Amino acid sequence: MKNDKMKNQYRVNEQIRVREVRIVSDGESTVMPTRHALDMAREQGVDLVEISPNAQPPVCRLIDYSKFLYQQKKHAKEMKAKQAKVEVKEIRFGPQTDEHDYNFKLKHAQEFLNEGNKVRAYVFFRGRSILFKEQGEVLLLRFANDLEEYAKVEQLPKLDGKKMFLYLAPKKAGVVKKSQQKVDREKREAEARAPKPNVDATDAVPANGGLLANAKVSPEALKALKGEE
């Protein structure tokens, strides 16, 4: 059934009824009348296979049709094998997670994202700690900021029962660029080393860039993240 379906995807030989076709072979291409291409196929003992019907003119190859179908099937199998299964990895925090534990989980999240997995980070509130949900929101926003080079936010912190969730997805593979937050941080560090007074502490979160630009977060959480009173 599957092989029959693949066969019906391509027109072969006399099924190709356009006036002219483009023959591709070894990186070269030649436009010629379809009748001439059919004569060439017969002389070589192969088939004229239309591989790109929507091109102008349609693109064809001179190849044994059975061999062509085998190559297509093999290629599809290889592509399927390369598609890694995306998993959702969980990172759990408490509303008062200490710095050591935070950095430990941050490192694990980076590894998960580099492997192509998604990350669902959440803060679990026990008992009356739900009254301080802003602390959890601040923690998750910081987590998203620190992972900006590796991930994009699918969902900002959102409370669901006794848990506040943050969803992150890995960025596409490629050259890792410096995030706006990292650029700003390096700039602040350079300014701190220079003899310049009156450095504004609120620059800890970039106002015009970074992951939280234009993000809809609570004013209390954003103030806390910036270190404001």
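Everything numeric here is computed off the predicted structure, so don't read it as measured data.

What counts, and where the lines are drawn
- Residues numbered from 1 in each chain as written.
- Predicted model: local features only at pLDDT ≥ 70, side-chain atom pairs only at ≥ 80, totals over all residues.
- Heavy atoms only, no water.
- Pairing = 2+ DSSP bridges.
- Helix = DSSP H or I, 4+ residues; strand = E, 2+ residues; numbered from the N terminus.
- Core = buried A, V, L, I, M, F, W, Y, C linked by side-chain atoms within 4.5 Å.
- Buried < 20%, exposed > 50% of the residue type's maximum accessible area, 1.4 Å probe, protein only.
- Contact = heavy atoms within 4.5 Å.
- Salt bridge = Lys/Arg side-chain N within 4 Å of Asp/Glu carboxyl O.

Here we look at the pairing of strand E1 (residues 20–25)
Okay, step 1: Strand direction decides the pairing type here: E1 and strand E2 (residues 28–33), joined by 6 bridges, are antiparallel. Bridging from a neighbouring strand, arginine 22 pairs with valine 31 of E2.
Okay, step 2: Counting the residues in the hairpin turn of E1 and E2 gives 2 residues, including aspartate 26, whose phi is positive at 55°.

Observations regarding the nonpolar core
Okay, step 1: Ile91, Phe93, Val119, Leu140, Phe143, Leu147 and Leu168 are the most contacted members of the largest nonpolar core, which totals 20 residues.
Okay, step 2: The set of elements that each furnish at least two residues to this core consists of strand E5 (88–93), helix H4 (99–114), strand E6 (118–124), helix H5 (133–146) and strand E8 (163–170).
Okay, step 3: Among the elements that line this core, the one with the most residues is H4, at 5 residues.
Okay, step 4: Dropping the residues within four chain positions of it, phenylalanine 93 is found in contact with Tyr102, Lys105, Ala121, Tyr122, Val123, Phe124, Leu139, Leu140 and Phe143.
Okay, step 5: In this structure, Val21, Met32, Ala41 and Leu48 belong to the second largest nonpolar core, which totals 9 residues.

Regarding the pattern of salt bridges
Okay, step 1: Per the counting criterion, the structure on display carries 9 salt bridges.
Okay, step 2: Note that arginine 11 and glutamate 50 form a salt bridge whose closest N and O atoms lie 2.8 Å from each other. Of this pair, arginine 11 sits in the loop between helix H1 (2–7) and E1 while glutamate 50 sits in strand E3 (residues 47–52); the two residues are 39 residues apart in sequence, bridging distant segments of the chain.
Okay, step 3: Taking the relative accessible area as the measure of exposure, arginine 11 reaches 39% and is therefore partly exposed.
Okay, step 4: Judged by relative accessible area, which is 3%, glutamate 50 ranks as buried.
Okay, step 5: For the salt bridge of aspartate 39 with arginine 42, the shortest nitrogen-to-oxygen distance reads 3.1 Å. In this pair, aspartate 39 and arginine 42 are both assigned in helix H2 (residues 34–44), 3 residues apart and thus about one turn of the helix distant.

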